[in-house]
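# Structure at a glance
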Amino acid sequence: MSLIALIAQASLLVQLVMLVLLLASMISWTMIFAKRHAIREAVNSLEDFEDQFWSGGDMNNLYSHWSERRREVAGVASIFVAGYREYKRLAGKDDIDRGDMLDGVQRAMRVAMSREIESLETHLPFLATVGSTSPYIGLFGTVWGIMNSFRSLGVAQQATIASVAPGIAEALIATAMGLFAAIPAVIAYNRYSSHVERLVSRYEVFGEEFLSIVNRQSFTMQKAS
Amino acid sequence: MAGRFKQYFINTKSLVYAIVIHVAVGALLLVSFDWGPTSLQTNAATPQVEPIKAKMISEADVKKQMERLKAKEQKKKQEELQAKKRLADLLKEQEQEKKRLADLKKKKRQEEKKAKALAEKRKQEVQRLAKAKKEKQRKQREAEKRKADEKRRAELAQKKKQERQARLEAERKAQLKAQLEAEAQARQLARAVDAARGRYIPIIQQKVDRNWTRPSGLTGLNAGVRVRLTPNGEVISATVVRSSGNPVFDRSVENAVLKASPLPIPRERGVNEKFRDIQFNFDPDEKLIS
C-alpha cells in the first residue's frame, strides 16, 4: 500500500482537491523563485545606481546614460530619469516659480515610484491567498474523504479498524498537501513583503535626496541669472 | 523586447525549479512512506513435484501393437467413405424437398395475388358507391343550406328595415323634443332678461345720475341714451339716440354715462349677453316723482 496507491484509491472529489493543491503549490513555488530573482535584481540595481549617483559625476551624463537604455531602466533609475526629465523640462522655462518646479519634479518621481512599487508587489497577493486558503481546501478534501469512509463503514457488516483506516489515511493526504502548499507560501509572502517595504523606503529616501539636490541647483541657477 | 524575453526566461527557470522541488519531495515521500502488510505475507505456496514412473517394453509387443493400429486405421477410413456417401444422398433429397416447397410457395403467392386483386376491385366498387351517396347527400345539404340562408337573409332585411324605421321615428321625436326644449329655454331666457331689465335699468339710471353734474339752469329735460358695454360692464360708447333738444344737456348725459363706468349689469350667462347693448331713458327729475 504505497502513497500512489492511496491517492489512486481516493474518491474523485478528493483527487480533484489534491490536484488543485498541487497546482497551487506549483504556481506559488514558481512565483517564489521569480520574485526572489526580481527582488535581488532590484536591490543590486539600486546599489549600483546609488554608487554611480554618489560618485560625484555629472547628473546630466547620468541622465543621458540611463535615458538611452529606455527599456532596461527599472527600479530607482526610472525614478531618477522621471524626476530629472521633469526638472529639465521645467527649468527651461523662464517664468516658472521655484516651488512649482519642485512640486512638478516631486510629482513625476512619485508617479514613477508608484509604478515601481506596483511591479515589485505583483504576485504577492497570490502567495498570501495560497497561504491562507490551501489548508482549508485540504481540510475540505479530508473531511469529505472521512465522511465517505464512515459511510462505507456503516454499510459494512463487519466493522473493523482495518476497513476504515485506509480511507482516513487517504483523506489525510489532502490536508498534508494543503499544508505543504501553504507553509512556503506564507513564509515567502512575509519575507518578500518586508523586502519590498525596505526597497520602497530606500526609494523614498533617494527621492528626497535627489529633490534636495535639485532644489540647491535651481537656487544657484536663479541667483546667477 | 529583450526585457520581455528575459522575464520569460526567468519565469521558465522558476517553473523548472518548482517542478524539481515537487518531484524531490514526492520521491522522498514515496521512499519513506512505503509501509503496508508486507509482514503478513509469510505463507507462500510451495509447489509439489511429482516423481516420474518408468517401465520396460519388448520389440515384439511393439510390432503387434503397430499392426493393430494399422487395421484400425483402415476400418476407420472405410467408415468415413460410407458416411460421406450417405451425406451426399441426404443432401440431394434435401434439395428436391426445397424445390417442391418453392413451387408450392409460388402457387400460393399467385393465388394470394388473385384474391387481393378481387378484394381491391370490390373495395373500389364499395368506395365508388359510398362516394356517390356522399355526393348526393352533400348536394341535398347544400340545397337545404341555401334555402335556409335565403330565409335568414330575408328575415335580416325585414329586421333591418324595421330597425331603420324605429330609428327614424326616435330621431324625429328627439328632434321635436329638442326643439320644444329650446323654445322653452328661449322663453325662459326672455323672461329672465325682462326681469333683469326691470331690476337693473333703474340701478344703472341711479348710478348715471350720481355721476351727472347738472348744467346750470337746465331743468325738466330728458334724453334717451344708447350704451354699449363689455361683458364686465365697462362702457365702450355712449350716444344720445333721443335728443332732449338741448345739446349741452345731451353731452352732459353722455359724459355722465362714461364716468359711471363700470355699470352694474347681471352676470348670469344668457342674460349678460343681452346687456351688451342697452337703451334707457335718462330723466334726472324722475326720481323726485317716484
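Preceding block: the structure.
In what follows, the accompanying structure is described. Starting from 1, residues in each chain are numbered consecutively following that chain's sequence as written. To label them, take the chains in the order written and letter them from A, then take the ligands in the order written and number them from 1. Per-residue local features of the predicted model are confined to residues with pLDDT of at least 70, and side-chain atom pairs are confined, for both listing and counting, to 80 or more; whole-chain, interface and lining totals are unaffected and use all residues.

## Notes on the packing of helix α5 (residues 98–121) of chain A against helix α7 (residues 161–224) of chain A
Residue and element names in this part refer to chain A. What counts as an axis is a line fitted to C-alpha atoms, over the stretch in contact for a helix, and the angles between N-to-C directions run from 0 to 180 degrees. The secondary structure listing takes helices from DSSP runs of H or I that are at least 4 residues long and strands from runs of E that are at least 2 residues long, numbered from the N terminus. Between α5 and α7, the least distance of the axes is 10 Å, while the angle of their chain directions is 160°. Comparing the axis directions of α5 and α7 gives the class roughly antiparallel. Read as a crossing pair, α5 and α7 show a hand that is right-handed. On α7, the residues that touch Arg98, Met101, Leu102, Val105, Gln106, Met109, Met113, Glu116, Ile117, Leu120 and Glu121 of α5 are Val196, Leu199, Val200, Tyr203, Gly207, Leu211, Val214, Asn215, Ser218 and Gln222. Considering only residue class, the contact of α5 with α7 consists of 13 nonpolar, five polar and three charged. Put simply, angles under 35 degrees are roughly parallel, angles over 145 are roughly antiparallel, angles from 65 to 115 are roughly perpendicular, and the rest are oblique. For any pair of crossing helices, the crossing counts as left-handed if the nearer helix is rotated counterclockwise from the farther one by less than a right angle, and right-handed if it is rotated clockwise. Placing a C-beta atom from the backbone of each residue, one calls two residues in contact when those atoms lie within 7 Å. In this count, Pro and Cys sit with the nonpolar residues alongside Ala, Val, Leu, Ile, Met, Phe, Trp and Tyr, while Asp, Glu, Lys and Arg are called charged and the others, Gly among them, polar.

## Looking at the nonpolar core
Residues and elements named next belong to chain A. Note on terminology: a nonpolar core is a set of buried residues of type Ala, Val, Leu, Ile, Met, Phe, Trp, Tyr or Cys, with members joined through C-beta atoms within 7 Å. As a rule, residues whose C-beta atom has 12 or fewer other C-beta atoms within 10 Å are exposed, those with 20 or more are buried, and those in between are partly exposed; C-beta atoms are placed from the backbone. Membership of the largest hydrophobic core comes to 27 residues, with the highest contact counts inside it found for Met18, Leu21, Ala174, Ala181 and Ala185. Counting only elements with at least two residues in this core, the list comes to α2 (12–54), α6 (124–155) and α7. In terms of residue count, α2 provides more of this core than any other element does, 11 residues in total. Core analysis: the next-biggest nonpolar cluster, separate from the first, contains 20 residues, Val81, Tyr87, Ala108 and Ala112 among them.

## What to know about helix α4 (residues 76–91) of chain A
Residues and elements named next belong to chain A. Helix span, as expected, comes to 1.5 Å for every residue beyond the first. A rise of 1.5 Å per residue sets the reference length of α4, with its 16 residues, at 22 Å; its end C-alpha atoms lie 22 Å apart and thus fit the reference within 8%. With 12 of its 16 residues buried, α4 lies for the most part within the structure. Residues of α4 that are buried include every one of Val76, Ala77, Ser78, Ile79, Phe80, Val81, Ala82, Gly83, Tyr84, Glu86, Tyr87 and Leu90, and no others. Elements in contact with the buried residues of α4: α2, α3 (59–68), α5 and α7.

## Focus on the environment of Phe249 of chain B
All names here are of chain B. Position of Phe249 among the secondary structure elements: in helix α3 (residues 247–259). The class of Phe249 is buried, set by 22 C-beta atoms lying within 10 Å. Note: C-alpha distance between Phe249 and Thr219 (30 residues apart in sequence) is 9.5 Å. Ignoring sequence-local partners within four residues, the contact set of Phe249 consists of Pro215, Leu218, Leu221, Ala223 and Ser244.

## Things to note about the pairing of strand β1 (residues 223–229) of chain B
Residue and element names in this part refer to chain B. The side-chain alternation of β1 yields one buried face, formed by Ala223, Val225, Val227 and Leu229, and one unburied face, formed by Gly224, Arg226 and Arg228. Across six bridges, the pairing between β1 and strand β3 (residues 277–282) is antiparallel. Across the sheet, residue Arg228 finds its bridge partner in β3, namely Asp277. For two strands to be treated as a pair, DSSP must find no fewer than two bridges joining them. Relative to strand β2 (residues 235–242), β1 is paired through six bridges, and the arrangement is antiparallel. The partner of Val227 across the bridge, within β2, is Ala238. Between the antiparallel neighbours β1 and β2 lie five residues, among them Gly233 with a positive phi of about 100°.

## Brief notes about the packing of α4 of chain A against α5 of chain A
Residue and element names in this part refer to chain A. Where α4 contacts α5, the two axes come as close as 8 Å, and the packing angle between them is 155°. With respect to α5, the element α4 is oriented roughly antiparallel. Judged by the sense of rotation from one axis to the other, the crossing of α4 with α5 is right-handed. Touching Ser78, Ile79, Ala82, Gly83, Glu86, Tyr87, Leu90 and Ala91 of α4 are Met101, Gly104, Val105, Ala108, Met109, Val111, Ala112, Met113 and Glu116, all from α5. Residue classes in the contact of α4 with α5 are distributed as 12 nonpolar, three polar and two charged.

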